[in-house]
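Listed here are the chains, written in short residue letters.
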Amino acid sequence: MSTPDADPDAADAGRRRFFREFAGELIHGAAGVIGAAQALQHASAEAASAILDPSSVAATARPEIAAPTGFRAAFREGPGVLPIVDQRQLPDRLEEFATRSAAEVSYAIKEMIIRGAPAIGQAAAIGLALTGNKNREARPYARRATLRGAANLLRNARPTAANLRWAVDRVMAAVDEVGDLSEDGNAIADAMRAEADAIVYEATDDHGRMATFGLAELLFPEDRPLRILTHCNTGPLACGQYGTALGVVQAAHHAGRSVHVWVDETRPYLQGARLTAWELAQAGVPHTVIPDVAAGHLMARGEVDAVLVGADRIVANGDTANKVGTYTLAVLAARHDVPFYVVAPISSIDLETPDGAAIPIEERPGSEVVTIRGVRIAPPDTEVRNPAFDVTPAELITGIVTEEGVVRAPFAEGLAEAVAAAAARWGPSRPPLAVAVSDEAPAATEVAR
């Protein structure tokens with residue numbers, strides 16, 4: 001079990017600020033004055049530093065921070081730049097990789113500098129807006145070619161994640177609304193920026209709702225901690241704000257509920273051991289890292305109460321693509337009667353794809369399997385197969401936790417209702433919601449049945 005280096009009282013204060021101030025007073029208050037998009041554009045750097053990482057309040061650029069503490073989102077914003085936490089360096093160093101265009105964000109996504117479906121979608125939207133800003137004075141046909149090329153580059157950076165294409169398509173739809181051959185480059189750039197900011201803003205609200213619904217779903221024993229097993233990384237580093245599966249965990253901890261997290265190391269990239277364990281340590285959440293192959297042993301011994309995972313894509317019938325190894329956990333959970341929940345935003349739902357067989361599965365370089373941080377662990381010239389994701393059939397999923405409630409089988413109907421409910425809640429133009437954060441659960445739609 002880990003013991004965080006940070007003072008527990010400071011961690012508690014950080015959690016209170018994270019869940020209350022960031023999602024409530026700061027963003028909603030600013031939105032009420034100058035609008036959510038502008039509020040995020042001007043306040044995101046301060047919000048990421050002062051709330052997610054209190055130790056960095058006075059810093060505008062931190063190339064390296066020893067022994068990092070506090071919450072950190074995957075990115076923050078500055079004038080003309082999107083500094084991204086280089087997740088390849090964690091947990092040893094907290095470094096930022098500065099991106100100033102869609103091409104640079106695409107590189108960061110491909111190289112796993114930033115990862116996690118919600119986070120890469122948000123970063124892609126901002127990167128595309130940065131490219132739009134650089135092309136304010138370009139000629140219409142040249143600008144259109146540049147923006148379309150940048151959008152395609154981003155869409156193909158990681159093909160499995162639905163959020164990435166969803167976010168890019170939204171920003172490009174804003175371009176089309178102005179007119180992609182308009183002479184007014186300023187109007188196009190401003191529309192792109194506003195849409196990117198709206199995507200980030202909505203995620204802040206949606207992920208908080210999702211954490212609340214997930215917390216309400218959990219059954220806590222009276223005499224011991226609830227033992228949750230999670231896979232890969234699904235916290236703020238992967239999602240931009242609260243997190244998805246890990247957001248539920250942190251909501252439980254913040255609410256004073258006793259939890260213990262089994263953290264799959266998540267081979268081959270070790271997102272669990274490197275990133276999830278780091279985030280849980282910063283939050284003061286009790287946890288233990290385990291080899292991926294130990295999950296079945298723990299379930300057989302009755303030491304796992306629930307499995308919470310994220311998702312890179314959920315298709316129309318409920319089949320779900322997530323980090324490779326998730327399917328194995330779902331099979332084990334079904335065998336041992338352990339509830340298996342997928343926690344993911346509506347932006348991860350792809351109703352146009354009928355089932356999991358049609359999901360494109362990214363194959364990554366074999367070097368990720370046969371080397372660990374440059375150290376070879378297999379003979380030279382060993383052949384490698386490295387699928388980054390696998391597909392969990394819908395029948396193995398207990399429930400899909402979304403910002404509109406918990407969807408259960410039959411998933412096809414419930415997912416369609418959840419997508420419609422999200423669209424209705426935000427409205428056709430997806431305006432920001434000026435609502436206060438309360439301790440009461442948000443109202444669930446009919447999909448939470």
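The following paragraphs examine the structure supplied in this document.

Procedures and definitions
For every chain, the first residue of the written sequence is number 1, and numbering continues from 1 along that sequence. The model is predicted, so local features are restricted to residues of pLDDT at least 70 and side-chain atom pairs to those at 80 or more, both for listing and for counting; the totals for chains, interfaces and linings are taken over all residues. In computing side-chain values, all of the structure's heavy atoms are included and hydrogens and water are not. Here, a strand pair is defined by DSSP locating no fewer than two bridges between the strands. Numbering of helices and strands starts at the N terminus; helices are DSSP runs of H or I of at least 4 residues and strands are runs of E of at least 2. In this description, a line fitted to the C-alpha atoms serves as the axis of each element, helices being fitted only across the stretch in contact, and the angle between N-to-C directions of two axes falls anywhere from 0 to 180 degrees. For this analysis, residues touch if any pair of their heavy atoms sits within 4.5 Å. For our purposes a nonpolar core is just a set of buried Ala, Val, Leu, Ile, Met, Phe, Trp, Tyr and Cys residues, chained together by side-chain atoms within 4.5 Å. Only protein chains enter the area calculation, which uses a 1.4 Å probe; residues under 20% of their type maximum are buried, those over 50% are exposed, and those in between are partly exposed. Two N or O atoms count as a polar contact when they lie within 3.5 Å, although within protein this holds only if one can serve as hydrogen donor and the other as acceptor, and sequence-adjacent residues are included solely when both atoms are side-chain atoms. When describing relative orientation, an angle under 35 degrees is termed roughly parallel and one over 145 degrees roughly antiparallel, while 65 to 115 degrees is termed roughly perpendicular and anything else oblique. The handedness criterion is simple: a crossing whose near helix is rotated anticlockwise from the far helix by less than a right angle is left-handed, and one whose near helix is rotated clockwise is right-handed. In this classification, Asp, Glu, Lys and Arg are treated as charged, Ala, Val, Leu, Ile, Met, Phe, Trp, Tyr, Cys and Pro as nonpolar, and every other residue, Gly included, as polar. A clockwise path from the first strand over the helix to the second, with the strands pointing away from the viewer, defines a right-handed crossover. Here, a salt bridge means any side-chain nitrogen of Lys or Arg that lies within 4 Å of a carboxyl oxygen of Asp or Glu. Multiplying 1.5 Å by the residue count of a helix minus one yields the expected span of that helix.

1. Digging into the sheet that holds strand E15 (residues 405–407)
The strand order E5-E4-E3-E6-E9-E14-E15 describes an open sheet built from seven strands, whose pairing is mixed. At either margin of the open sheet sits one strand with a lone partner, and together these are strand E5 (287–290) and E15. For this sheet, the mean inter-axis angle between neighbouring strands, taken without regard to orientation, is 25°. Bridge count between strand E9 (residues 340–343) and strand E14 (residues 399–402): three bridges; the pairing is parallel. Across the sheet, Val343 pairs through a bridge with Val401, a residue of E14. Its contacts with the sheet put helix H7 (residues 185–217) on E9, E14 and E15, and the angle it makes with E14 is roughly 145°. In the packing of helix H12 (residues 326–335) onto the sheet, contacts are made with strand E3 (226–230), strand E4 (259–264), strand E6 (306–309) and E9, and the angle to E9 comes to roughly 145°.

2. Some details on the nonpolar core
Among the nonpolar cores identified, the biggest contains 37 residues, and Phe75, Leu82, Ile109, Ile114, Leu128, Leu154 and Met192 are the most heavily contacted of them. Among the elements that line this core, the one with the most residues is helix H4 (residues 117–134), at 10 residues. Leave out the neighbours within four places in its chain, and Leu82 touches Phe75, Arg76, Glu77, Phe97, Ala98, Thr99, Val105, Ala123, Ile126 and Leu130. Listed in part, the 29 residues of the second largest apolar core include Ala294, Val307, Phe340 and Ile400.

3. Some words on the pairing of E6
Judged by which residues are buried, E6 turns out to be covered on both faces: Ala306 and Leu308 on one side and Val307 and Val309 on the other are all buried. Here E3 pairs with E6 via three bridges, running parallel. Residue pairing for E6: Thr230 is matched across the bridge by Leu308.

4. Examining the side chain of Thr326
One can find Thr326 in helix H12. Thr326 gets classed as buried once you look at its relative accessible area, which sits at 1%. Looking at Thr326, its side chain comes within polar contact range of the side chain of Asn322, at 2.8 Å. Among the polar contacts listed, one links the side chain of Thr326 to the backbone oxygen of Lys323, at a separation of 2.7 Å.

5. Focus: the packing of H4 against helix H6 (residues 162–178)
Between two packed helices, the angle of one axis relative to the other and the distance separating the axes together describe the packing. The N-to-C vectors of H4 and H6 enclose an angle of 25°; their axes lie 7 Å apart at closest approach. In terms of axis orientation, H4 runs roughly parallel to H6. Remark: the crossing between H4 and H6 carries right-handed chirality. Contacts between H4 and H6 pair Ala117, Pro118, Ile120, Gly121, Ala124, Ala125 and Leu128 from the former with Asn163, Leu164, Ala167, Val168, Val171 and Met172 from the latter. Looking at the contact of H4 with H6, its residues break down into 11 nonpolar, two polar and no charged.

6. Some thoughts on the sheet that holds strand E8 (residues 320–323)
The four strands are arranged E10-E7-E8-E13 in an open sheet whose pairing can be described as mixed. Edge positions in the open sheet fall to strand E10 (349–350) and strand E13 (389–392), since each of these has one partner strand only. Pairing of E8 with E13, which is carried by four bridges, proceeds in the antiparallel orientation. Bridging across to E13, Thr320 finds its partner in Thr392.

7. Quick notes on the side chain of Asn386
Residue position: Asn386 is located in the loop between strand E12 (375–376) and E13. The class for Asn386 is buried, based on a relative accessible area of 5%. Polar contacts involving the side chain of Asn386 include one to the main-chain carbonyl oxygen of Pro365, which spans 2.9 Å. Within polar-contact distance, the side chain of Asn386 engages the side chain of Glu368 at 3.2 Å. Setting aside chain neighbours within four positions, we find Asn386 in contact with Pro268, Glu362, Glu363, Arg364, Pro365, Glu368 and Val369.

8. Digging into the pairing of E5
Here E4 pairs with E5 via four bridges, running parallel. The residue bridging Trp262 from the neighbouring strand is Thr288, located in E5. Note on the crossover from E4 through helix H10 (residues 271–283) to E5: the handedness is right-handed.

9. Focus: the packing of helix H3 (residues 102–110) against H4
Between H3 and H4, the least distance of the axes is 7 Å, while the angle of their chain directions is 155°. The pairing of H3 with H4 is recorded here as roughly antiparallel in orientation. Two secondary-structure elements touch here, H3 through Ala102, Val105 and Ile109 and H4 through Ile120, Ala123, Ala124, Gly127, Leu128 and Thr131. For the contact of H3 with H4, the per-class residue count stands at seven nonpolar, two polar and no charged.

10. Quick look at the pattern of salt bridges
A full pass over the atoms with the stated rule returns 25 salt bridges. Put simply, Arg385 and Glu363 hold a salt bridge, and the shortest N to O gap is 2.8 Å. Here Arg385 is found in the loop between E12 and E13, whereas its partner Glu363 is found in the loop between E10 and helix H13 (367–370), with 22 residues between them in sequence. For Arg385, a relative accessible area of 66% gives the class exposed. Residues joined in a network through salt bridges with shared partners are Asp205, Asp206, Arg209, Glu404 and Arg425.

11. Examining H6
Counted at 1.5 Å a residue, the expected span for H6 with its 17 residues is 24 Å, and the 25 Å between its end C-alpha atoms agrees. Those residues of H6 that are buried are in contact with H3, H4, helix H5 (140–155), H7, strand E7 (313–315) and E10. Phi turns positive one or two residues past the end of H6, at Gly179, with a value near 115°.

12. Things to note about unusual backbone geometry
The peptide bond linking Arg267 to Pro268 adopts the cis configuration, its omega dihedral lying at 5°. Tracing the sequence through the fold places Pro268 in the loop between E4 and H10. For the peptide bond that leads from Ala409 to Pro410, omega is 0°, which places it in the cis range. Tracing the backbone shows Pro410 in the loop between E15 and helix H14 (411–426). With phi around 60°, Cys232 is a residue other than glycine that occupies positive phi space. A positive phi angle, near 65°, is found at Asp381, a position not held by glycine. In this fold, Asp381 is placed in the loop between E12 and E13.

It is worth stressing that arrangement in space is one thing and function is another; only the former is reported here.
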